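An overview of the molecular structure
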Amino acid sequence: MSQPVPILHHFDESPFSEKIRIIFGFKKLAWNSVRISRIMPRPDLMPMTGGYRRTPSMQIGADIYCDTQIIIRELERRYPTPTLFPGGNAGVPAALGMWTDRPFFQSTVNLVFGFIGDKVPREFIEDREKLRGGKFDIAAMTAALPQMRDQFRAHVDWIEAQLGDSRPWLLGEFSLADVSAYMNVWYARQSLATIDEIIRHFPHVSTWEARVRTIGHGTRTEMSSVDALEIAARSTPDSPSFGDPADPNGRKPGDRVGVLPDDYGKVPVHGEIVSLSAQHIAIRRTDARAGEVVVHFPRAGFLVVPD
């Protein structure tokens, strides 16, 4: 039986979504694209995610995957060939994502918004302040541009050093490490007219960036958010129930919990545990419009709290 087509809820400018789009291309997948607003509200997505508002989310029927970590884990499980973890590199490519998604991304986003400055719409700033739970200070980012250029360049120099022996990919073969590191270079290129002034000093990064870009995005078909919500409502979650005997806090299927990011977008999603492990937790919830859904999260970078 053929696999259901993944549905990606994203916007084209999203760097984290670009990670997943490149993976679709690498695995040569067909996928459905639901374009969401860069800012709230997202009235057809929230019934499925339970309030999780970071981008992207992936939907397969009535199973909803929040955060790129868990999306990647599920894509690799469903479509193991070609693998994102070649040559026995089962952990390092995933762990590198904590570097690219956090300190590297933070320097990149500050560089981008410091550069575009007063071009940022007020409604976007207000939305991001709600997301972050604090001030989205464009003036401070602009003032910090010299430091952010330094920080971005230092991160890119690590990529250059790894590629210094003219290997085509960071770990020799294409892997999740390339996807994650590419995200920030891609984001800077979309947003900064002066990016070549930095990148031209890194010849290995320049050829590597072009090599990743040629992978493409697979076969993309646009879908409306209403149609995606209807798919969830008429589908049954395909998530087996199982526990984790080694869970250090004694959590088990049936427990009611809230799950939320530990850095920003701290909106807890509430539900009943369906399954859990060291790297994932899935919770069941019911919504008047979406019906019964199972929402999946990673564990690294996320908190699980009592309901």
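See the structure printed just above.
Reference entry: report on the structure contained in this document. Every chain's residues receive numbers from 1 upward, in the order its sequence appears when written. The model is predicted, so local features are restricted to residues of pLDDT at least 70 and side-chain atom pairs to those at 80 or more, both for listing and for counting; the totals for chains, interfaces and linings are taken over all residues. Side-chain numbers here rest on the full set of heavy atoms in the structure, without hydrogens or water.

This next bit is on the packing of aromatic side chains. In summary, the pairing rule links any two rings of Phe, Tyr or Trp, Trp by its six-membered ring, whose centres are within 6.5 Å, and it sorts them by plane angle into stacked for under 30 degrees, edge-to-face for over 60 and tilted for everything else. The tally for this structure, following the rule as stated, stands at 15 aromatic pairs. Taken together, a centroid distance of 6.0 Å and an interplanar angle of 25° make the contact between phenylalanine 105 and tyrosine 187 stacked. Of the two residues, phenylalanine 105 is situated in helix α4 (residues 92-116) and tyrosine 187 in helix α8 (residues 176-191); the sequence distance between them amounts to 82 residues. The same class applies to phenylalanine 105 as to tyrosine 187, namely buried. Note on phenylalanine 113 and phenylalanine 124: the rings are 5.5 Å apart at their centroids and 20° apart in plane angle, and the pair reads as stacked. You can see phenylalanine 113 sitting in helix α4 and its partner phenylalanine 124 sitting in helix α5 (residues 122-132), a full eleven residues away along the chain. Positioned over the ring face of tyrosine 264 is arginine 54, at 4.6 Å from the centre of the ring. Geometrically, a charge over a ring is one whose NZ (Lys) or CZ (Arg) sits within 6 Å of the ring centre while staying within 35 degrees of the ring normal. Sitting over the ring of tryptophan 169, arginine 211 keeps its end group 5.6 Å from the ring centre. For the purposes of this entry, the term helix denotes a DSSP run of H or I that reaches at least four residues, the term strand denotes a run of E that reaches at least two, and both are numbered from the N terminus. For every residue, the accessible area obtained with a 1.4 Å probe (protein chains only) is divided by the maximum for its type, and the residue is called buried under 20%, exposed over 50%, and partly exposed between those limits.

As a further point, take helix α7 (residues 145-162). For a helix, the expected span equals 1.5 Å multiplied by the residue count minus one. Between its terminal C-alpha atoms α7 stretches 26 Å, which fits the 26 Å expected from 18 residues at 1.5 Å a residue. Along α7, the residues classified as buried are Leu145, Met148, Phe152, His155, Val156, Ile159 and Glu160. Projected onto a plane normal to the axis of α7, the buried residues spread over an arc of 155° and lie on a single side. Those residues of α7 that are exposed and aimed more than 90 degrees away from the buried face are Asp150, Arg153, Trp158 and Ala161. Here, residues are in contact when the closest pair of their heavy atoms is within 4.5 Å. Summarising the contacts, the buried residues of α7 are in contact with α4, α6 (138-143), α8, α9 (195-199) and α10 (203-213). To obtain the arc, one takes the directions from the helix axis to the C-beta atoms.

Moving on, we get to unusual backbone geometry. With an omega of 5°, the peptide bond running from methionine 40 to proline 41 counts as cis. Note the cis peptide between threonine 81 and proline 82, where omega equals -5°. Assignment of secondary structure puts proline 82 in the loop between α3 (68-78) and α4. Positive phi, close to 95°, is recorded for aspartate 67, a residue that is not glycine. Mapped onto the elements of the fold, aspartate 67 is located in the loop between β4 (63-66) and α3.

A few words on the packing of α7 against α10. The N-to-C vectors of α7 and α10 enclose an angle of 85°; their axes lie 8 Å apart at closest approach. Between α7 and α10, the angle falls in the class roughly perpendicular. Side by side, α7 and α10 meet where Val156, Ile159 and Glu160 of the first sit next to Pro203, His204, Val205 and Trp208 of the second. Polar here means any residue outside two lists: the nonpolar Ala, Val, Leu, Ile, Met, Phe, Trp, Tyr, Cys and Pro, and the charged Asp, Glu, Lys and Arg; Gly therefore counts as polar. When the residues that make up the contact of α7 with α10 are grouped by side-chain class, the tally is five nonpolar, one polar and one charged. Only the stretch in contact is used when fitting a helix axis, every axis being a line fitted to C-alpha atoms; angles between N-to-C directions are given from 0 to 180 degrees. An angle below 35 degrees is read as roughly parallel, one above 145 as roughly antiparallel, one from 65 to 115 as roughly perpendicular, and any other as oblique.

Glancing now at the sheet that holds strand β1 (residues 7-10). Strand order across the open sheet formed by ten strands is β5-β2-β1-β3-β4-β9-β8-β7-β6-β10, with mixed pairing between neighbours. Every interior strand has two partners, whereas the edge strands, β5 (219-222) and β10 (302-306), have only one. Taking the axes of each pair of neighbouring strands and ignoring which way they run, one obtains an average angle of 35° across the sheet. Pairing between strand β6 (residues 256-261) and strand β7 (residues 269-276): four bridges, direction antiparallel. From the neighbouring strand, valine 257 faces β7, where its bridge partner is glycine 271. Only strands joined by at least two bridges in the DSSP assignment are considered to pair.

Summarising the element assignment, glycine 50 is placed in the loop between α2 (46-49) and β3 (57-60). Look at glycine 50 and you get partly exposed, because its relative accessible area is 23%. The spatial distance from the C-alpha of glycine 50 to the C-alpha of valine 267 is 9.1 Å, given a sequence separation of 217 residues. Leave out the neighbours within four places in its chain, and glycine 50 touches Pro268, Val269 and Arg285.

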